[in-house]
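These are the residues of each chain, in order.
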Amino acid sequence: MNSICLNDLINEVKKYNTNQKDIDLIIKAYNYASFYHDGQKRESGEEYITHPLNVAFILAETHADTDTLCAGLLHDTLEDTKATKEDIEHEFNKNIAELVDGVTNIKDLEFSSVEEVNNANMRKIIVGVTKDVRIILIKLADRLHNMRTLNYKKSNKQREKSIETLEIYAPFAYYLGAYRLYCELSDLSFMYLKPNEFEVLKQQRINIKEQYMPLVEEMSYKVSRILNDKEIPYDIRIRVKNVYGIYEKLSEGKRLVDIHDLLALKVIVDSVDNCYLTLGVVHSLYKPLNYKFRDYICTPKTNGYQSLHTTVYSGDRFIHTQIRTHDMDKIASFGFNAYWDVQGDTRSVMQKEISDKCQFYTSLKEIDSIFTNNNEFVKSVKSEVFSEKVYVYDTLGNVSELPKGSTIIDYAYRVRGPEAAKLVGALVNDKSVSLNYVLQSKDRIKLIIDNLSKGPSSDWSQIAHTSYAKSLILKNKPTNY
Ligand code: MN
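Residues numbered from 1 in each chain as written. Predicted model: local features only at pLDDT ≥ 70, side-chain atom pairs only at ≥ 80, totals over all residues. Heavy atoms only, no water.

In this section: the nonpolar core. Counting residues in hydrophobic clusters, the biggest one holds 111 residues, and the most contacted among them are Leu 9, Leu 74, Ile 88, Leu 140, Phe 172, Leu 176 and Phe 360. Beyond its immediate stretch of four places on either side in the chain, Phe 172 contacts Ile 125, Ile 126, Val 129, Ile 136, Leu 140, Phe 360, Leu 364 and Phe 386. Judged by nonpolar contacts, the second largest core, of 25 residues, contains Val 390, Ala 420, Ile 463 and Ala 464. (Core = buried A, V, L, I, M, F, W, Y, C linked by side-chain atoms within 4.5 Å. Buried < 20%, exposed > 50% of the residue type's maximum accessible area, 1.4 Å probe, protein only. Contact = heavy atoms within 4.5 Å.)

Let us look at the side chain of Ser 162. Within the fold, Ser 162 resides in helix H10 (residues 155-175). Those residues within four positions of Ser 162 in sequence are excluded, and the remaining contacts are Met 147, Leu 150, Ser 189, Tyr 192 and Leu 193. (Helix = DSSP H or I, 4+ residues; strand = E, 2+ residues; numbered from the N terminus.)

This structure, assessed with the given rule, holds 25 salt bridges. A single salt-bridge network, built from bridges that share partners, covers Asp 235, Arg 237, Lys 266, Arg 324 and Asp 329. (Salt bridge = Lys/Arg side-chain N within 4 Å of Asp/Glu carboxyl O.)

Here we have five strands laid out as an open sheet, ordered S1-S2-S5-S4-S3, and mixed in their pairing. The open sheet terminates on both sides in strands that have one partner only, identified here as strand S1 (234-240) and strand S3 (294-295). Of the pairings in the sheet, the one linking S1 to strand S2 (residues 263-269) comprises seven bridges and is antiparallel in character. Bridged to Arg 239 within S2 is Ala 264. Running at roughly 165° to S1, helix H12 (residues 195-229) makes contact with S1, S2, strand S4 (308-314) and strand S5 (317-325) of the sheet. Where helix H15 (residues 326-334) meets the sheet, it contacts S1, S2 and S5, and its direction lies at approximately 110° from that of S5. (Pairing = 2+ DSSP bridges. Axes fitted to C-alpha atoms, helices over the stretch in contact; angles between N-to-C directions.)

Turning next to unusual backbone geometry. Non-glycine residue Glu 231 carries a positive phi angle of around 55°. In this model, Asp 430 sits at a positive phi of 70°, which is unusual for a non-glycine residue. As for its position among the elements, Asp 430 is in the loop between strand S8 (423-428) and strand S9 (431-433).

This is a description of form; function is not addressed.
Structure (C-alpha coordinates):
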(Lines give C-alpha, C1' and ligand atoms only; values in the text may rest on other atoms or scores of the structure.)
Protein backbone atom coordinates (compact mmCIF):
# COMPACT_ATOMS: atom_id res chain seq x y z
CA MET A 1 0.00 0.00 0.00
CA ASN A 2 1.60 3.28 -1.03
CA SER A 3 1.42 5.73 1.83
CA ILE A 4 0.36 9.34 1.58
CA CYS A 5 1.58 12.40 3.48
CA LEU A 6 0.10 15.70 4.60
CA ASN A 7 1.17 17.34 1.36
CA ASP A 8 -0.89 14.87 -0.69
CA LEU A 9 -3.94 15.78 1.37
CA ILE A 10 -3.36 19.51 0.92
CA ASN A 11 -2.90 19.10 -2.84
CA GLU A 12 -6.14 17.11 -3.04
CA VAL A 13 -8.00 19.85 -1.13
CA LYS A 14 -6.52 22.60 -3.30
CA LYS A 15 -8.17 21.00 -6.33
CA TYR A 16 -11.46 22.44 -5.09
CA ASN A 17 -10.65 24.84 -2.24
CA THR A 18 -7.68 27.22 -2.21
CA ASN A 19 -8.76 29.34 0.76
CA GLN A 20 -5.59 29.70 2.90
CA LYS A 21 -7.53 29.94 6.18
CA ASP A 22 -9.11 26.54 5.45
CA ILE A 23 -5.76 25.02 4.50
CA ASP A 24 -4.20 26.36 7.73
CA LEU A 25 -6.97 24.83 9.81
CA ILE A 26 -6.49 21.44 8.13
CA ILE A 27 -2.73 21.57 8.83
CA LYS A 28 -3.48 22.48 12.45
CA ALA A 29 -5.84 19.49 12.77
CA TYR A 30 -3.17 17.22 11.31
CA ASN A 31 -0.56 18.47 13.80
CA TYR A 32 -3.02 18.16 16.69
CA ALA A 33 -3.88 14.56 15.77
CA SER A 34 -0.19 13.67 15.22
CA PHE A 35 0.65 15.04 18.65
CA TYR A 36 -2.06 13.06 20.45
CA HIS A 37 -1.58 9.80 18.50
CA ASP A 38 2.20 10.02 18.88
CA GLY A 39 3.68 6.59 19.70
CA GLN A 40 0.54 4.66 18.67
CA LYS A 41 0.85 2.10 15.90
CA ARG A 42 -1.62 0.42 13.56
CA GLU A 43 -1.73 -3.35 13.19
CA SER A 44 0.15 -2.92 9.92
CA GLY A 45 3.05 -1.47 11.93
CA GLU A 46 2.53 2.01 10.46
CA GLU A 47 2.24 5.13 12.63
CA TYR A 48 -1.38 5.57 13.75
CA ILE A 49 -1.67 9.02 12.14
CA THR A 50 -1.63 7.37 8.68
CA HIS A 51 -5.19 6.21 9.38
CA PRO A 52 -6.85 9.60 10.09
CA LEU A 53 -4.75 11.09 7.29
CA ASN A 54 -6.15 8.55 4.83
CA VAL A 55 -9.68 9.11 6.11
CA ALA A 56 -9.30 12.86 5.51
CA PHE A 57 -7.88 12.11 2.05
CA ILE A 58 -10.91 9.98 1.11
CA LEU A 59 -13.13 12.83 2.31
CA ALA A 60 -11.13 15.35 0.27
CA GLU A 61 -11.64 13.19 -2.82
CA THR A 62 -15.36 13.60 -2.23
CA HIS A 63 -14.91 17.40 -1.94
CA ALA A 64 -15.90 17.58 1.71
CA ASP A 65 -16.04 20.93 3.54
CA THR A 66 -13.23 22.02 5.89
CA ASP A 67 -15.00 21.14 9.15
CA THR A 68 -15.55 17.60 7.85
CA LEU A 69 -11.90 17.26 6.80
CA CYS A 70 -10.66 18.46 10.20
CA ALA A 71 -13.09 16.12 11.96
CA GLY A 72 -11.78 13.30 9.73
CA LEU A 73 -8.23 14.01 10.95
CA LEU A 74 -9.37 14.20 14.57
CA HIS A 75 -11.94 11.39 14.49
CA ASP A 76 -10.06 8.93 16.72
CA THR A 77 -8.56 11.41 19.20
CA LEU A 78 -11.46 11.36 21.69
CA GLU A 79 -11.62 7.60 21.83
CA ASP A 80 -7.94 6.68 21.76
CA THR A 81 -6.04 9.64 23.25
CA LYS A 82 -6.19 12.18 26.09
CA ALA A 83 -7.77 14.87 23.88
CA THR A 84 -11.18 16.16 25.05
CA LYS A 85 -14.25 17.51 23.28
CA GLU A 86 -13.87 20.83 25.14
CA ASP A 87 -10.29 21.19 24.03
CA ILE A 88 -11.16 20.48 20.38
CA GLU A 89 -13.94 23.04 20.57
CA HIS A 90 -11.50 25.55 22.08
CA GLU A 91 -8.70 24.85 19.56
CA PHE A 92 -10.95 24.53 16.51
CA ASN A 93 -14.70 25.19 16.66
CA LYS A 94 -17.97 23.81 18.00
CA ASN A 95 -18.93 22.21 14.68
CA ILE A 96 -15.73 20.19 14.47
CA ALA A 97 -16.01 19.15 18.14
CA GLU A 98 -19.57 17.89 17.57
CA LEU A 99 -18.65 16.00 14.43
CA VAL A 100 -15.77 14.25 16.22
CA ASP A 101 -18.03 13.49 19.17
CA GLY A 102 -20.74 12.14 16.83
CA VAL A 103 -18.29 9.80 15.10
CA THR A 104 -16.87 8.66 18.47
CA ASN A 105 -20.34 7.70 19.70
CA ILE A 106 -20.71 5.20 16.90
CA LYS A 107 -18.85 2.15 18.13
CA ASP A 108 -18.03 -0.73 15.86
CA LEU A 109 -20.42 -3.57 16.44
CA GLU A 110 -19.14 -6.39 18.63
CA PHE A 111 -20.46 -9.63 17.26
CA SER A 112 -19.80 -11.43 20.53
CA SER A 113 -21.81 -8.98 22.62
CA VAL A 114 -25.55 -9.09 23.19
CA GLU A 115 -27.86 -8.12 20.38
CA GLU A 116 -29.46 -5.30 22.34
CA VAL A 117 -26.13 -3.49 22.69
CA ASN A 118 -25.42 -3.79 18.98
CA ASN A 119 -28.89 -2.62 18.07
CA ALA A 120 -28.65 0.37 20.41
CA ASN A 121 -25.41 1.24 18.67
CA MET A 122 -26.83 0.74 15.21
CA ARG A 123 -29.65 3.06 16.13
CA LYS A 124 -27.05 5.71 16.95
CA ILE A 125 -25.60 5.34 13.46
CA ILE A 126 -28.98 5.57 11.88
CA VAL A 127 -30.33 8.53 13.81
CA GLY A 128 -26.94 10.23 13.43
CA VAL A 129 -27.96 10.80 9.82
CA THR A 130 -30.96 12.80 10.95
CA LYS A 131 -28.76 15.07 13.12
CA ASP A 132 -25.82 15.78 10.83
CA VAL A 133 -25.28 13.61 7.76
CA ARG A 134 -21.56 14.50 7.81
CA ILE A 135 -21.11 12.21 10.83
CA ILE A 136 -22.03 9.18 8.74
CA LEU A 137 -19.95 10.44 5.79
CA ILE A 138 -16.88 10.54 8.04
CA LYS A 139 -17.78 7.10 9.39
CA LEU A 140 -18.04 5.79 5.81
CA ALA A 141 -14.56 7.13 4.98
CA ASP A 142 -13.24 5.62 8.25
CA ARG A 143 -14.76 2.25 7.34
CA LEU A 144 -13.45 2.43 3.78
CA HIS A 145 -9.87 2.91 4.95
CA ASN A 146 -10.26 0.11 7.51
CA MET A 147 -11.60 -2.18 4.77
CA ARG A 148 -8.70 -1.28 2.50
CA THR A 149 -6.28 -2.34 5.24
CA LEU A 150 -8.28 -5.35 6.49
CA ASN A 151 -5.59 -7.81 5.40
CA TYR A 152 -3.74 -7.08 8.66
CA LYS A 153 -6.64 -8.42 10.74
CA LYS A 154 -7.39 -12.02 11.74
CA SER A 155 -9.72 -13.92 9.45
CA ASN A 156 -12.69 -13.95 11.86
CA LYS A 157 -12.39 -10.15 12.23
CA GLN A 158 -12.22 -9.80 8.46
CA ARG A 159 -15.49 -11.71 8.18
CA GLU A 160 -17.27 -9.71 10.89
CA LYS A 161 -16.21 -6.36 9.47
CA SER A 162 -17.18 -7.42 5.95
CA ILE A 163 -20.66 -8.57 7.00
CA GLU A 164 -21.21 -5.34 8.91
CA THR A 165 -19.97 -3.27 5.97
CA LEU A 166 -22.22 -5.06 3.51
CA GLU A 167 -25.26 -4.91 5.80
CA ILE A 168 -25.00 -1.36 7.09
CA TYR A 169 -22.31 0.88 5.63
CA ALA A 170 -22.60 -0.01 1.94
CA PRO A 171 -26.41 0.49 1.94
CA PHE A 172 -25.92 3.83 3.67
CA ALA A 173 -23.48 4.97 0.99
CA TYR A 174 -25.96 3.79 -1.63
CA TYR A 175 -28.98 5.53 -0.15
CA LEU A 176 -26.94 8.70 0.31
CA GLY A 177 -26.16 8.53 -3.40
CA ALA A 178 -22.38 8.16 -2.89
CA TYR A 179 -21.87 5.52 -5.60
CA ARG A 180 -18.09 5.50 -5.59
CA LEU A 181 -17.96 4.76 -1.88
CA TYR A 182 -20.75 2.22 -2.30
CA CYS A 183 -18.93 0.32 -5.05
CA GLU A 184 -15.64 0.11 -3.21
CA LEU A 185 -17.19 -0.82 0.15
CA SER A 186 -19.32 -3.59 -1.37
CA ASP A 187 -16.49 -4.96 -3.55
CA LEU A 188 -14.08 -5.14 -0.60
CA SER A 189 -16.64 -6.91 1.62
CA PHE A 190 -17.51 -9.33 -1.15
CA MET A 191 -13.81 -10.08 -1.68
CA TYR A 192 -13.40 -11.15 1.97
CA LEU A 193 -16.72 -13.00 2.21
CA LYS A 194 -16.59 -14.96 -1.07
CA PRO A 195 -12.97 -14.84 -2.26
CA ASN A 196 -13.36 -17.50 -4.96
CA GLU A 197 -16.46 -16.01 -6.55
CA PHE A 198 -14.86 -12.60 -6.33
CA GLU A 199 -11.79 -13.73 -8.29
CA VAL A 200 -13.87 -15.42 -11.00
CA LEU A 201 -16.08 -12.38 -11.51
CA LYS A 202 -13.13 -10.01 -11.39
CA GLN A 203 -11.58 -11.92 -14.27
CA GLN A 204 -14.87 -11.95 -16.20
CA ARG A 205 -15.12 -8.22 -15.68
CA ILE A 206 -11.70 -7.75 -17.27
CA ASN A 207 -12.74 -9.90 -20.24
CA ILE A 208 -15.92 -7.90 -20.72
CA LYS A 209 -13.93 -4.71 -20.65
CA GLU A 210 -11.64 -5.99 -23.40
CA GLN A 211 -14.57 -7.17 -25.55
CA TYR A 212 -16.59 -3.99 -25.28
CA MET A 213 -13.89 -1.36 -25.20
CA PRO A 214 -13.47 -1.01 -28.99
CA LEU A 215 -17.25 -0.48 -29.38
CA VAL A 216 -17.42 2.09 -26.62
CA GLU A 217 -14.34 3.89 -27.86
CA GLU A 218 -15.81 4.10 -31.32
CA MET A 219 -19.00 5.53 -29.91
CA SER A 220 -17.05 7.98 -27.80
CA TYR A 221 -15.18 9.13 -30.91
CA LYS A 222 -18.34 9.61 -32.98
CA VAL A 223 -20.18 11.50 -30.23
CA SER A 224 -17.17 13.77 -29.55
CA ARG A 225 -16.88 14.72 -33.18
CA ILE A 226 -20.44 16.02 -33.34
CA LEU A 227 -20.23 17.74 -29.94
CA ASN A 228 -17.06 19.50 -31.11
CA ASP A 229 -18.86 20.66 -34.27
CA LYS A 230 -21.73 21.99 -32.20
CA GLU A 231 -19.25 23.64 -29.80
CA ILE A 232 -20.73 21.91 -26.76
CA PRO A 233 -18.02 21.49 -24.08
CA TYR A 234 -18.03 17.93 -22.69
CA ASP A 235 -16.14 15.35 -20.75
CA ILE A 236 -16.44 11.68 -21.72
CA ARG A 237 -15.70 8.79 -19.35
CA ILE A 238 -16.12 5.07 -19.51
CA ARG A 239 -17.21 3.13 -16.45
CA VAL A 240 -17.36 -0.62 -15.90
CA LYS A 241 -19.87 -2.04 -13.42
CA ASN A 242 -18.27 -3.04 -10.09
CA VAL A 243 -17.76 -6.71 -9.23
CA TYR A 244 -20.43 -6.83 -6.53
CA GLY A 245 -22.89 -5.10 -8.87
CA ILE A 246 -22.31 -7.84 -11.45
CA TYR A 247 -22.67 -10.52 -8.74
CA GLU A 248 -26.03 -9.05 -7.65
CA LYS A 249 -27.38 -9.05 -11.22
CA LEU A 250 -26.26 -12.67 -11.71
CA SER A 251 -27.93 -13.67 -8.43
CA GLU A 252 -31.17 -12.21 -9.76
CA GLY A 253 -30.95 -14.94 -12.41
CA LYS A 254 -29.61 -12.74 -15.23
CA ARG A 255 -26.97 -14.04 -17.62
CA LEU A 256 -23.83 -11.98 -18.11
CA VAL A 257 -24.77 -11.13 -21.71
CA ASP A 258 -28.15 -9.80 -20.53
CA ILE A 259 -26.72 -7.22 -18.15
CA HIS A 260 -27.13 -4.17 -20.34
CA ASP A 261 -25.07 -1.72 -18.28
CA LEU A 262 -21.82 -3.67 -17.79
CA LEU A 263 -20.06 -0.92 -19.62
CA ALA A 264 -21.32 2.63 -19.67
CA LEU A 265 -20.35 5.70 -21.60
CA LYS A 266 -20.70 8.81 -19.44
CA VAL A 267 -21.04 12.16 -21.18
CA ILE A 268 -20.79 15.12 -18.85
CA VAL A 269 -21.79 18.56 -20.14
CA ASP A 270 -22.22 22.05 -18.69
CA SER A 271 -26.00 22.56 -18.70
CA VAL A 272 -29.32 20.73 -18.62
CA ASP A 273 -30.14 22.01 -22.13
CA ASN A 274 -26.94 20.47 -23.42
CA CYS A 275 -27.85 17.14 -21.77
CA TYR A 276 -30.90 16.93 -24.05
CA LEU A 277 -28.93 18.11 -27.10
CA THR A 278 -26.36 15.40 -26.41
CA LEU A 279 -29.12 12.82 -26.06
CA GLY A 280 -30.29 13.84 -29.54
CA VAL A 281 -26.76 13.42 -30.85
CA VAL A 282 -26.47 9.92 -29.35
CA HIS A 283 -29.85 8.84 -30.75
CA SER A 284 -29.02 10.22 -34.19
CA LEU A 285 -25.97 7.93 -34.27
CA TYR A 286 -27.31 4.84 -32.48
CA LYS A 287 -30.82 3.39 -32.21
CA PRO A 288 -32.10 3.37 -28.64
CA LEU A 289 -33.90 0.52 -26.91
CA ASN A 290 -36.94 2.67 -26.25
CA TYR A 291 -38.07 0.85 -23.12
CA LYS A 292 -34.67 1.39 -21.50
CA PHE A 293 -34.72 5.17 -21.79
CA ARG A 294 -34.96 7.02 -18.43
CA ASP A 295 -35.15 10.72 -17.71
CA TYR A 296 -33.87 11.04 -14.15
CA ILE A 297 -33.30 14.76 -14.69
CA CYS A 298 -37.06 15.45 -14.73
CA THR A 299 -37.76 12.66 -12.25
CA PRO A 300 -34.72 12.23 -9.97
CA LYS A 301 -34.21 8.89 -8.24
CA THR A 302 -35.32 8.79 -4.63
CA ASN A 303 -31.72 9.31 -3.46
CA GLY A 304 -31.44 12.54 -5.43
CA TYR A 305 -29.60 11.00 -8.41
CA GLN A 306 -30.08 12.89 -11.68
CA SER A 307 -29.03 11.83 -15.19
CA LEU A 308 -30.38 10.79 -18.58
CA HIS A 309 -30.02 7.06 -19.23
CA THR A 310 -30.29 5.48 -22.62
CA THR A 311 -29.23 2.06 -23.86
CA VAL A 312 -28.39 1.88 -27.56
CA TYR A 313 -27.68 -0.81 -30.12
CA SER A 314 -24.10 -1.15 -31.26
CA GLY A 315 -24.14 -4.03 -33.71
CA ASP A 316 -25.60 -6.96 -31.81
CA ARG A 317 -24.54 -5.53 -28.47
CA PHE A 318 -25.82 -2.79 -26.22
CA ILE A 319 -24.07 0.23 -24.81
CA HIS A 320 -25.47 1.95 -21.78
CA THR A 321 -25.11 5.74 -21.90
CA GLN A 322 -25.45 8.28 -19.11
CA ILE A 323 -25.68 12.00 -19.82
CA ARG A 324 -25.55 14.62 -17.08
CA THR A 325 -24.13 17.94 -15.90
CA HIS A 326 -20.93 18.33 -13.84
CA ASP A 327 -22.95 19.12 -10.71
CA MET A 328 -25.13 16.06 -11.15
CA ASP A 329 -22.03 13.94 -11.65
CA LYS A 330 -20.37 15.25 -8.51
CA ILE A 331 -23.41 14.41 -6.41
CA ALA A 332 -23.81 11.02 -8.08
CA SER A 333 -20.20 10.10 -7.28
CA PHE A 334 -19.76 11.58 -3.84
CA GLY A 335 -23.22 12.06 -2.37
CA PHE A 336 -23.83 14.92 -0.01
CA ASN A 337 -20.21 15.91 0.55
CA ALA A 338 -20.45 17.52 -2.87
CA TYR A 339 -22.46 20.32 -1.25
CA TRP A 340 -19.38 21.71 0.50
CA ASP A 341 -19.39 25.03 -1.33
CA VAL A 342 -23.02 25.85 -0.62
CA GLN A 343 -24.01 29.25 0.66
CA GLY A 344 -24.78 29.49 4.34
CA ASP A 345 -24.45 26.96 7.14
CA THR A 346 -23.26 23.68 5.60
CA ARG A 347 -25.01 21.49 8.14
CA SER A 348 -28.48 22.99 7.69
CA VAL A 349 -28.17 23.12 3.89
CA MET A 350 -27.14 19.47 3.77
CA GLN A 351 -29.90 18.38 6.16
CA LYS A 352 -32.46 20.21 4.00
CA GLU A 353 -31.14 18.65 0.79
CA ILE A 354 -31.21 15.18 2.25
CA SER A 355 -34.73 15.52 3.64
CA ASP A 356 -35.99 16.98 0.35
CA LYS A 357 -34.27 14.49 -1.91
CA CYS A 358 -33.77 11.20 -0.08
CA GLN A 359 -36.88 9.18 0.68
CA PHE A 360 -34.95 6.72 2.83
CA TYR A 361 -34.41 9.64 5.20
CA THR A 362 -38.18 10.08 5.55
CA SER A 363 -38.56 6.34 6.22
CA LEU A 364 -35.83 6.42 8.88
CA LYS A 365 -37.49 9.33 10.63
CA GLU A 366 -40.89 7.64 10.51
CA ILE A 367 -39.52 4.42 12.02
CA ASP A 368 -37.48 6.31 14.60
CA SER A 369 -40.65 8.09 15.76
CA ILE A 370 -42.51 4.81 16.35
CA PHE A 371 -40.25 2.45 18.27
CA THR A 372 -38.65 2.95 21.64
CA ASN A 373 -37.34 -0.60 21.60
CA ASN A 374 -34.00 -0.75 19.75
CA ASN A 375 -34.42 -4.33 18.56
CA GLU A 376 -37.75 -3.55 16.91
CA PHE A 377 -36.32 -0.35 15.50
CA VAL A 378 -33.38 -2.12 13.84
CA LYS A 379 -35.60 -4.97 12.63
CA SER A 380 -37.91 -2.49 10.91
CA VAL A 381 -35.05 -0.52 9.39
CA LYS A 382 -33.59 -3.72 7.94
CA SER A 383 -36.89 -4.97 6.56
CA GLU A 384 -38.31 -1.64 5.38
CA VAL A 385 -35.41 0.67 4.55
CA PHE A 386 -32.43 -1.53 3.65
CA SER A 387 -34.56 -3.92 1.62
CA GLU A 388 -36.02 -4.36 -1.84
CA LYS A 389 -38.17 -1.44 -2.96
CA VAL A 390 -41.02 -0.62 -5.31
CA TYR A 391 -41.26 2.77 -7.01
CA VAL A 392 -44.73 4.09 -7.74
CA TYR A 393 -46.11 7.34 -9.13
CA ASP A 394 -48.93 9.72 -8.31
CA THR A 395 -51.06 11.21 -11.10
CA LEU A 396 -48.62 14.12 -11.45
CA GLY A 397 -45.63 11.81 -11.98
CA ASN A 398 -44.06 12.22 -8.51
CA VAL A 399 -42.28 9.07 -7.44
CA SER A 400 -42.55 7.34 -4.04
CA GLU A 401 -40.23 4.67 -2.69
CA LEU A 402 -41.79 1.94 -0.53
CA PRO A 403 -40.64 -1.47 0.68
CA LYS A 404 -41.68 -4.38 -1.53
CA GLY A 405 -44.96 -5.85 -0.29
CA SER A 406 -46.49 -2.46 0.48
CA THR A 407 -50.18 -1.96 -0.25
CA ILE A 408 -52.38 0.97 -1.23
CA ILE A 409 -52.79 1.66 2.49
CA ASP A 410 -49.03 2.04 3.02
CA TYR A 411 -48.81 4.38 0.04
CA ALA A 412 -51.70 6.48 1.36
CA TYR A 413 -50.07 6.93 4.78
CA ARG A 414 -46.72 7.74 3.16
CA VAL A 415 -48.07 10.53 0.96
CA ARG A 416 -51.02 11.78 3.01
CA GLY A 417 -50.04 11.05 6.62
CA PRO A 418 -52.95 10.79 9.12
CA GLU A 419 -55.38 12.01 6.44
CA ALA A 420 -55.07 8.52 4.90
CA ALA A 421 -57.56 7.37 7.55
CA LYS A 422 -60.28 8.76 5.26
CA LEU A 423 -59.21 6.58 2.35
CA VAL A 424 -62.12 4.78 0.65
CA GLY A 425 -60.61 3.50 -2.60
CA ALA A 426 -57.93 3.84 -5.23
CA LEU A 427 -57.26 3.65 -8.94
CA VAL A 428 -54.10 1.97 -10.12
CA ASN A 429 -53.26 2.63 -13.77
CA ASP A 430 -56.87 3.90 -14.14
CA LYS A 431 -58.41 0.68 -12.80
CA SER A 432 -60.22 0.45 -9.50
CA VAL A 433 -58.42 -1.78 -6.97
CA SER A 434 -59.12 -2.91 -3.42
CA LEU A 435 -57.13 -1.46 -0.53
CA ASN A 436 -55.09 -4.63 -0.08
CA TYR A 437 -53.67 -4.33 -3.61
CA VAL A 438 -49.89 -4.95 -3.46
CA LEU A 439 -47.96 -2.20 -5.24
CA GLN A 440 -45.85 -2.98 -8.28
CA SER A 441 -43.07 -0.74 -9.58
CA LYS A 442 -44.28 1.85 -12.13
CA ASP A 443 -47.89 1.75 -10.86
CA ARG A 444 -49.64 5.10 -11.25
CA ILE A 445 -51.90 5.65 -8.27
CA LYS A 446 -54.86 7.91 -7.61
CA LEU A 447 -56.20 7.81 -4.06
CA ILE A 448 -59.86 8.39 -3.30
CA ILE A 449 -60.27 10.19 -0.01
CA ASP A 450 -63.73 10.85 1.45
CA ASN A 451 -63.85 13.23 4.39
CA LEU A 452 -67.11 11.65 5.52
CA SER A 453 -65.46 8.28 5.94
CA LYS A 454 -65.55 6.93 9.50
CA GLY A 455 -61.91 5.92 9.35
CA PRO A 456 -59.88 2.73 9.14
CA SER A 457 -61.74 -0.56 9.29
CA SER A 458 -60.57 -3.32 11.60
CA ASP A 459 -58.60 -5.21 8.95
CA TRP A 460 -56.36 -2.28 7.92
CA SER A 461 -53.56 -3.03 10.34
CA GLN A 462 -53.29 -6.54 8.83
CA ILE A 463 -53.26 -5.15 5.28
CA ALA A 464 -50.59 -2.55 6.05
CA HIS A 465 -46.98 -3.63 5.54
CA THR A 466 -44.98 -0.67 6.88
CA SER A 467 -44.66 0.04 10.58
CA TYR A 468 -45.47 3.70 9.99
CA ALA A 469 -48.88 2.93 8.46
CA LYS A 470 -49.56 0.33 11.17
CA SER A 471 -48.80 2.76 13.95
CA LEU A 472 -51.05 5.50 12.52
CA ILE A 473 -53.87 2.99 12.02
CA LEU A 474 -53.67 1.93 15.67
CA LYS A 475 -53.86 5.57 16.76
CA ASN A 476 -56.95 6.05 14.57
CA LYS A 477 -58.77 2.90 15.58
CA PRO A 478 -62.49 3.59 15.83
CA THR A 479 -63.80 3.26 19.39
CA ASN A 480 -66.40 0.64 18.46
CA TYR A 481 -63.66 -1.78 17.47
MN1 MN B 1 -10.90 5.31 12.73
